[in-house]
Structure formats: C-alpha cells, structure tokens
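# Fold and geometry: a report
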Amino acid sequence: KQEVTQIPAALSVPEGENLVLNCSFTDSAIYNLQWFRQDPGKGLTSLLLIQSSQREQTSGRLNASLDKSSGRSTLYIAASQPGDSATYLCAVRFRDDKIIFGKGTRLHILP
Amino acid sequence: KAGVTQTPRYLIKTRGQQVTLSCSPISGHRSVSWYQQTPGQGLQFLFEYFSETQRNKGNFPGRFSGRQFSNSRSEMNVSTLELGDSALYLCASSSPASPGTEAFFGQGTRLTVV
C-alpha cells in the first residue's frame, strides 16, 4: 500500500534556527514530490517541486532533497522566521498516477 | 496572471442535499484536480480531469462526481450529503506537458453539512 508519512507532526523552534522537516514514502516508483505550505483555513502554496530524476531543489531559504531509493525527502528551512509558521505538506505523485499527501508538520517559530 | 479560483468560499448544506462546487484553473492550464481535507484524514485525492476527461480517481464513493468543461473550468458534485462530507475542498490546476508538473491550489470551499 502506498503511504506518505511526515515526521514530526508538530515542531516548535526559536526564531533564527535552521530546521529540517521529513517526508517518507513507501514506493520508490514516483513521478515527483512536491512540498507545500498551508496557512490556517487557506489553500496550499507550492514551495518546491522535485522530479524523480532530481536530487534537490532550492528556493531562497528553502532546500528540498529527494532520495528516491530510500523513499525520503527533507525540507530544510534556513534562518527560520515567525512568518514561516504554517503547516508543511509533502505530496507524492506515484507512477500509477496516484497522488498521496502526508498529514503535514505543524511548524511554529517562536519569536 | 490570476490564480486558481474556487466558488463559493463557504457553504452550509443540510444532510441529504446535493452541492456543486466550481473551480476555474489558471489560464492555459488544462489539468484540474480535486481534494478533500479533513482534520482526521488530512488531504485526500478525489479526482483529476484533463481535457474534459477524468484521468485519475481516488477512493471515494460514487456520490462524489465531477466534470470539466471545454474552457477547463471544473465542477465537483456531491449528492446525498452526509455529515462526514464536511470538509475543505481544494482544487489544483497544472499544465501537464508531462505527468506531475507543479500544482497550484485555490483557496478552497469550506463545506459544512448540518
């Protein structure tokens, strides 16, 4: 069964710290993996998309890596800010075209 | 350019009624996907449409259906509403030159079934 798991479910860190969010998936036959952030009551904002052939993508203070063989992706946030507080979701599109989301990590940056 | 637009933003319906939600994708995008988000189950994939054809379907009962029009706008219909259908319904659009290009989400429709 295809599953996407995000650990931890919640995380609180002081402002300025670097942090890593984790996403794991059970089937390495994927098209891509996408990281999103969601603010309370709002839609999803795309952060980074990594194709199966790529190892990492960077955007500003964000860096996402992909290790398909081990079924893992990490989202690294450098120099965290209070505005980074949100829920972060990863979504995997598998080769059978199924799209599965993790349950997310609720991130709280302490001022 | 304009983002993904979902209407209405909020909806309250009674058990047994039916509801239609609308999604207008980003101009030029031909793929629209629908998701249900609840606190217990998280985000679950409902279905995906491309060029007016359902390309992919999640594990939801037949009460959930959708369609896509020639202008790529999509509607989702839920019949015989149940209390458990209360959720945030999100749609995403993408421009798939190949499967799985970047998806852009709307703000969602918050459906409450009473």
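None of the values given here were measured: they were computed from a predicted structure.

Another point: the overall build of chain B. A tally of regular secondary structure across chain B gives zero helices and eleven strands. Its helices and strands in sequence order give chain B the pattern β-β-β-β-β-β-β-β-β-β-β, from N to C terminus. Expected size for 114 residues packed as a compact globule is a radius of gyration near 13 Å; at 13 Å, chain B falls within 12% of this value. In terms of its C-alpha atoms, chain B occupies a principal-axis envelope of roughly 40 × 25 × 25 Å. Buried residues in chain B amount to 50% of all 114 residues. For chain B, restricting intrachain contacts to residue pairs at least 6 apart in sequence, the fraction spanning at least 24 positions comes to 53%. If you sum the accessible surface of chain B, you get close to 5,300 Å²; carbon and sulfur atoms cover 48% of it. Where the 11 positive side-chain charges of chain B centre and where its 6 negative ones centre are 4 Å apart.

To continue, consider the sheet that holds strand 1 (residues 5-7) of chain B. Residues and elements named next belong to chain B. Reading across the sheet, the four strands line up as 1-3-8-7 and stay open at both edges, with antiparallel pairing between neighbours. What marks the edges here is a single partner per strand, and that holds for strand 1 and strand 7 (64-68). Pairs of neighbouring strands in the sheet enclose a mean axial angle of 20°, with direction left out of account. Here strand 7 pairs with strand 8 (residues 74-78) via five bridges, running antiparallel. Following the sheet pairing, Ser65 is matched in strand 8 by Asn77.

What follows is about the interface of chain A and chain B. Tallying the contact residues gives 19 residues for chain A and 22 residues for chain B. Roughly 1,700 Å² is buried in total at the junction of chain A and chain B, and carbon and sulfur atoms are behind 51% of that figure. Taken together, the links from chain A to chain B amount to one salt bridge. Taking the shortest distance from any N to any O, the salt bridge between B:Glu48 and A:Arg93 comes out at 2.8 Å. The interface formed by chain A and chain B includes four residue pairs in polar contact (both at pLDDT 80 or more). Those elements that place two or more of their residues in the side of chain A that touches chain B are strand 4 (30-38), strand 5 (44-51), strand 9 (86-94) and strand 10 (99-101) of chain A. In terms of residue class, the side of chain A that touches chain B is made up of seven nonpolar, seven polar and five charged.

Our next topic: empty space enclosed by the protein. Inspection of the entire model under this criterion finds one cavity of 30 Å³ or more. Approximately 170 Å³ is the volume found for the largest cavity. Taken together, 19 residues line the largest cavity, and the ones lying closest to its centre are A:Gln34, A:Arg93, A:Ile99, B:Tyr35 and B:Ala103. Listing elements by their share of the lining of the largest cavity, those giving two or more residues are strand 4, strand 9 and strand 10 of chain A together with strand 4 (31-38) and strand 9 (87-94) of chain B. Split by residue class, the lining of the largest cavity holds nine nonpolar, eight polar and two charged.

When the sulfur atoms of two cysteines share a covalent bond, that bond is a disulfide. All names here are of chain A. By the definition in use, this model includes two disulfides over all chains. Between the sulfur atoms of Cys23 and its disulfide partner Cys90 the distance amounts to 1.9 Å. Between Cys23 and Cys90 the disulfide shows an S-S torsion of about 70°. By sign, it is right-handed. Taken together, the residues span a long stretch of sequence, with Cys23 in strand 3 (residues 19-25) and Cys90 in strand 9 at a distance of 67 residues.

Cut-offs applied
- Residues numbered from 1 in each chain as written.
- Chains lettered and ligands numbered in written order.
- Predicted model: local features only at pLDDT ≥ 70, side-chain atom pairs only at ≥ 80, totals over all residues.
- Heavy atoms only, no water.
- Helix = DSSP H or I, 4+ residues; strand = E, 2+ residues; numbered from the N terminus.
- Rg over C-alpha atoms; globule rule 2.2 N^0.38 Å.
- Buried < 20%, exposed > 50% of the residue type's maximum accessible area, 1.4 Å probe, protein only.
- Contact = heavy atoms within 4.5 Å.
- Areas by Shrake-Rupley, 256 points an atom, 1.4 Å probe, with all protein chains shown as cover.
- Lys, Arg positive; Asp, Glu negative; His and termini not counted.
- Charge placed at Lys NZ, Arg CZ, Asp CG, Glu CD.
- Pairing = 2+ DSSP bridges.
- Axes fitted to C-alpha atoms, helices over the stretch in contact; angles between N-to-C directions.
- Buried area = accessible area lost by both parts, 1.4 Å probe.
- Salt bridge = Lys/Arg side-chain N within 4 Å of Asp/Glu carboxyl O.
- Polar contact = N/O pair within 3.5 Å; in protein donor to acceptor, adjacent residues only side chain to side chain.
- Nonpolar A, V, L, I, M, F, W, Y, C, P; charged D, E, K, R; others polar.
- 1 Å grid on protein atoms, 1.4 Å probe; cavity = no way out; pocket = protein on both sides within 12 Å on 5 of 7 lines; lining within 4 Å.
- Points joined across faces, edges and corners; volume = space filled by probe spheres on them.
- Disulfide = S-S within 2.5 Å.

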